[in-house]
Amino acid sequence: MAHTISALKRIRQSEKRNLRNKSYKSKMKTMVKKFAAAAQTGDAQTAEAAFKSATATIASIGSKGVIHKNQVARRQSRLAKKLNALKTA
């Protein structure tokens, strides 16, 4: 256990940030699952609406530094690839 005041403060900050980041990641996963469910139905319009909200959420989380910018690009790219495959099918 930490003894210095600054170390104790760092622990408090880490816990607070960890909870915040966890909620952001949970929200991101939920949006991706909603897109996957919409894509599974085969309705392109619903999937496109879910795609827009999912990519916006992912970009927002990336801008906060919760996930790396390359991970943002990779996740958005994979979602776009699934959407395009749905549109062409």
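Please refer to the structure placed before this passage.
Residues numbered from 1 in each chain as written. Predicted model: local features only at pLDDT ≥ 70, side-chain atom pairs only at ≥ 80, totals over all residues. Heavy atoms only, no water.

Asks: Would you explain the overall build of the protein chain in this entry?
Replies: In terms of helices and strands, the protein chain carries 3 helices and 0 strands. Moving toward the C terminus, one meets the helices and strands of the protein chain in the order α-α-α. Taken over C-alpha atoms, the radius of gyration comes to 17 Å for the protein chain, far larger than the 12 Å a tight globule of 89 residues would show. C-alpha extents for the protein chain along the principal axes are approximately 60 × 20 × 15 Å. For the protein chain, the residues scored as buried account for 22% of the 89 residues in total. Restricting to contacts in the protein chain with at least 6 residues of sequence separation, those with at least 24 account for 57%. Summed over its atoms, the accessible surface of the protein chain is roughly 6,500 Å², and 53% of this surface lies on carbon and sulfur atoms. (Helix = DSSP H or I, 4+ residues; strand = E, 2+ residues; numbered from the N terminus. Rg over C-alpha atoms; globule rule 2.2 N^0.38 Å. Buried < 20%, exposed > 50% of the residue type's maximum accessible area, 1.4 Å probe, protein only. Contact = heavy atoms within 4.5 Å. Areas by Shrake-Rupley, 256 points an atom, 1.4 Å probe, with all protein chains shown as cover.)

Asks: Please clarify how the side chain of Thr-55 should be interpreted in this entry.
Replies: Inspection of the secondary structure assignment puts Thr-55 in helix 2 (residues 44–63). Setting aside residues up to four positions removed in sequence, Thr-55 forms contacts with Gln-76 and Leu-79.

Asks: Got a minute to help me understand a positive patch on the surface in this structure?
Replies: A contiguous patch of positive charge, built from Lys-9, Arg-10, Arg-12, Lys-16, Arg-17 and Arg-20, is present on the exposed surface. Looking at the secondary structure, you find Arg-10 in helix 1 (residues 5–41). Under the relative-accessibility criterion, Arg-10 is labelled exposed at 52%. (Patch = residues over 30% accessible without salt bridge, like charges linked within 9 Å, V, L, I, M, F, W, Y side chains within 5 Å. Salt bridge = Lys/Arg side-chain N within 4 Å of Asp/Glu carboxyl O. Lys, Arg positive; Asp, Glu negative; His and termini not counted. Charge placed at Lys NZ, Arg CZ, Asp CG, Glu CD.)

Asks: Would you mind going over the nonpolar core with me for this structure?
Replies: Within soluble globular proteins, side chains that are nonpolar generally end up buried alongside one another. In this structure, Phe-35, Ala-47, Ile-58, Ile-67 and Leu-79 are the most contacted members of the largest nonpolar core, which totals 17 residues. Every element with two or more residues in this core is listed here: helix 1, helix 2 and helix 3 (69–88). For this core, the element with the most residues is helix 2, which contributes 6 residues. Beyond its immediate stretch of four places on either side in the chain, Leu-79 contacts Val-32, Phe-35, Phe-51, Ala-54, Thr-55 and Ile-58. (Core = buried A, V, L, I, M, F, W, Y, C linked by side-chain atoms within 4.5 Å.)

Asks: Mind showing me how you'd approach the pattern of salt bridges here?
Replies: For side chains bearing opposite charge, pairing can occur when the charged atoms are close. Scanning the entire structure with this criterion turns up 1 salt bridge. The salt bridge involving Glu-48 is made with Lys-87; its shortest N-O contact spans 3.4 Å. Of the two residues, Glu-48 sits in helix 2 while Lys-87 sits in helix 3, which places them 39 residues apart along the sequence. By relative accessible area, Glu-48 is classed as partly exposed at 27%.

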